[in-house]
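Observations on the three-dimensional arrangement
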Amino acid sequence: MALVTSSDGGKNWSEVRYTVTVPDRAMRPGMPVVAQMGNGRYIMVYEIVGKPCCDIYYKLSDDGVDWGDPLWEGRRVETPDGLFLGSMPYVVWVPQGGKNGTVIVTAKREGEHIGMRDPGFYHVNYENGEGDWHRVPMLITYNTDTLQAGWSMGMTRIQGDKLIQLAPTPIDRRLMQITYGIGKLETDGE
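Throughout what follows, the structure given in this document is the object of discussion. (Residues numbered from 1 in each chain as written. Predicted model: local features only at pLDDT ≥ 70, side-chain atom pairs only at ≥ 80, totals over all residues. Heavy atoms only, no water.)

Let us look at the overall build of the protein. Counting secondary structure elements, the protein contains 0 helices and 17 strands. Considering the protein as a whole, with its 190 residues, one finds that 44% of them fall into the buried category. Contacts spanning at least 24 positions in sequence make up 45% of the contacts within the protein whose residues lie at least 6 apart. With an accessible surface of roughly 9,900 Å², the protein has 50% of that area assigned to carbon and sulfur atoms. (Helix = DSSP H or I, 4+ residues; strand = E, 2+ residues; numbered from the N terminus. Buried < 20%, exposed > 50% of the residue type's maximum accessible area, 1.4 Å probe, protein only. Contact = heavy atoms within 4.5 Å. Areas by Shrake-Rupley, 256 points an atom, 1.4 Å probe, with all protein chains shown as cover.)

Dropping the structure here:
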């Protein structure tokens, strides 16, 4: 993965800067999503295709441009007991949940689980991406038995202290619908 920057509204662009490179050509990083946290730093989540479940990794940055050594694949979003996220990540930061707010990461599946995401779980972090990750229930339920379900989800904060989460889900072989949930994040932060 790489990025370029412009300081003049897109008329001129910087040199390409790599953020994550994986030397094993059987794998590739992709689907990056970036959020600014309450401490001013940035978190980027992404999948690494070729890992067992397109495992979700993350890196932190002070400026959203320099993500450190691109050969370092980052840290896996994983709870202390080994539960991790896979495929199609999304990340937001909200001020609720603890003294540092909450980083919320979602993905199509949790580890190798395929089937109903009921309730499904976010992985959250109360220390601006440092320290442990924890599980809290998602706002939506969807079936991951089909490839399309849960593809390219999105979340954002609305009405001050609520989240809205969206996920495409199949109606039949030809039609998709957007499943959504709105609610307060159930956290166990301080």
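For the rest of this paragraph, the subject is unusual backbone geometry. Glycine aside, the phi torsion of most residues is negative, and most peptide linkages are trans. Notably, cysteine 54 is not glycine yet its phi reads approximately 50°, a positive angle. Residue placement: cysteine 54 occurs in the loop between strand E4 (42-49) and strand E5 (56-61). When its relative accessible area of 18% is taken as the criterion, cysteine 54 is described as buried.

As a further point, take a nonpolar patch on the surface. A contiguous nonpolar surface patch, about 440 Å² in accessible area, is contributed by Val4, Trp13, Val16 and Tyr18. By secondary structure assignment, the location of tryptophan 13 is in the loop between strand E1 (2-3) and strand E2 (17-18). Overall, the relative accessible area of 54% leaves tryptophan 13 in the exposed class. (Patch = residues over 30% accessible without salt bridge, like charges linked within 9 Å, V, L, I, M, F, W, Y side chains within 5 Å. Salt bridge = Lys/Arg side-chain N within 4 Å of Asp/Glu carboxyl O.)

The subject of this paragraph is the packing of aromatic side chains. As enumerated under the stated definition, the model contains 1 aromatic pair in all. Ring centres of tyrosine 58 and tryptophan 133 lie 5.3 Å apart, and the angle between their planes is 70°; on these two criteria the pair is classed as edge-to-face. Of this pair, tyrosine 58 sits in strand E5 while tryptophan 133 sits in the loop between strand E12 (121-125) and strand E13 (134-137); the two residues are 75 residues apart in sequence, bridging distant segments of the chain. The ring of phenylalanine 84 has arginine 76 sitting right over it, with the charged end atom 3.8 Å from the ring centre. Above the ring of phenylalanine 121, the side-chain terminus of arginine 135 is found at 3.8 Å from the ring centroid. (Phe/Tyr/Trp six-rings, centres within 6.5 Å; stacked < 30°, edge-to-face > 60°. Lys NZ or Arg CZ within 6 Å of the ring centre and 35° of its normal.)

The final tally for this structure, using the stated rule, is 7 salt bridges. Between arginine 41 and aspartate 62 there is a salt bridge, and its shortest N-O distance comes to 2.7 Å. Here the residue arginine 41 occupies a position in the loop between strand E3 (28-36) and E4, and aspartate 62 occupies one in the loop between E5 and strand E6 (75-76), the gap between them amounting to 21 residues. Since its relative accessible area comes to 59%, aspartate 62 is described here as exposed. For lysine 51, the salt bridge identified is with glutamate 73, shortest N-O distance 3.1 Å. Highlighted residues: lysine 51 in the loop between E4 and E5 and glutamate 73 in the loop between E5 and E6, separated in sequence by 22 residues. Residue class for lysine 51 comes out buried when judged on its relative accessible area of 18%.

Here we have 3 strands laid out as an open sheet, ordered E15-E16-E17, and antiparallel in their pairing. Here the strands that pair on one side only, and so sit at the sheet edges, are strand E15 (154-158) and strand E17 (176-183). Pairwise comparison of adjacent strand axes, ignoring direction, gives a mean angle of 25° for this sheet. In the sheet, strand E16 (residues 162-170) pairs with E17 via 8 bridges, with the strands oriented antiparallel. Counted as the bridge partner of proline 170 is methionine 176 from E17. (Pairing = 2+ DSSP bridges. Axes fitted to C-alpha atoms, helices over the stretch in contact; angles between N-to-C directions.)

Remember, this is a structural readout, not a statement about activity or role.
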